[in-house]
Amino acid sequence: MKKLTKAERQQQLQTILNDNPFLTDEALSQTFNVSIQTIRLDRLEKNIPELRERIKDVACQNRDEVKALPIDEVIGEIVELQLDKVAISILDIQDEHVFHRNKIARGHFLFAQANSLCVALMDDEFALTAKSEVKFVSPVKLGERVITKALLVEKKNNRAVIEVVSTVKQRMVFTGKFEMYYVSEGENND
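Residues numbered from 1 in each chain as written. Predicted model: local features only at pLDDT ≥ 70, side-chain atom pairs only at ≥ 80, totals over all residues. Heavy atoms only, no water.

The chain has the name Transcription factor FapR in an unreviewed UniProt entry, where Macrococcus equipercicus is given as its organism. The Sequence similarities (unreviewed entry) field of the UniProt record for the chain holds the comment "Belongs to the FapR family." (UniProt positions renumbered as here; feature names shortened; annotations may be inferred.)

Below, the structure is given as structure tokens:
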């Protein structure tokens, strides 16, 4: 990449973050081949909020209210939720999520992120996981960000099928097919 002027870099920074607000300052500094401090100064000058604030902004704009469980029981941070359609969450892998000897994420955290996202996706006061088929595709390491997307495929007869894909930097790390049991108001459940 050729050396950009400050104005060109700031314009491209704004464009990139409009397309993907989840990029870290570290990733942006590598993209532009400048220091992290330069990226932070560019963001300040262009009034671009830090990562946490950008995530909160996206979450507020793209989120229905979770019905099936308290929001603080969802593993990861929900950034998009359209009930009975699609949900996306982010989980930053920290020390408490990894095996200490090799710094690889424990599988139950990836499963919990996917499973709780499926429950949150349901447009119902009561939803439980009835069955799941999961595949751990690639290890996730300390410090990596897992983006999980859940998509409702089918919903009928008190059962919903949801497909889940988790990625790290566009690399698939986990997939799953979850069958959820739900009880809708007004349905006869004898």
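1. Things to note about the overall build of the chain
Within the chain, the secondary structure is distributed over five helices and six strands. A burial count over the chain gives 39% of its 190 residues as buried. Here the analysis covers contacts within the chain between residues at least 6 apart in sequence; of these, 59% occur between residues at least 24 apart. Of the roughly 11000 Å² of accessible surface on the chain, a fraction of 49% belongs to carbon and sulfur atoms. (Helix = DSSP H or I, 4+ residues; strand = E, 2+ residues; numbered from the N terminus. Buried < 20%, exposed > 50% of the residue type's maximum accessible area, 1.4 Å probe, protein only. Contact = heavy atoms within 4.5 Å. Areas by Shrake-Rupley, 256 points an atom, 1.4 Å probe, with all protein chains shown as cover.)

2. Side note on the layout of surface pockets
Looking at the largest pocket, its volume works out to about 700 Å³. If you go around the largest pocket, you meet 22 residues; those closest to its centre are F22, L23, T24, R145 and K169. Broken down by secondary-structure element, the contributors of at least two residues to the lining of the largest pocket are helix 2 (25-32), strand 2 (86-92), strand 4 (145-156) and strand 5 (159-168). Per-element tally for the lining of the largest pocket: the top contributor is helix 2, with four residues. Among the residues forming the lining of the largest pocket, the class breakdown is seven nonpolar, eight polar and seven charged. (1 Å grid on protein atoms, 1.4 Å probe; cavity = no way out; pocket = protein on both sides within 12 Å on 5 of 7 lines; lining within 4 Å. Points joined across faces, edges and corners; volume = space filled by probe spheres on them. Nonpolar A, V, L, I, M, F, W, Y, C, P; charged D, E, K, R; others polar.)

3. Quick notes on helix 1 (residues 6-19)
The end-to-end C-alpha distance of helix 1 is 20 Å, a good match for the 20 Å that 14 residues give at a rise of 1.5 Å each. Here helix 1 has its buried residues at R9, Q10, L13 and L17. Along the axis of helix 1, the buried residues cluster in a sector spanning 95 degrees; they form a single face. Every exposed residue of helix 1 that faces more than 90 degrees away from the buried side is listed here: A7, N18 and D19. (Expected span 1.5 Å × (residues − 1). Arc of directions from axis to C-beta.)

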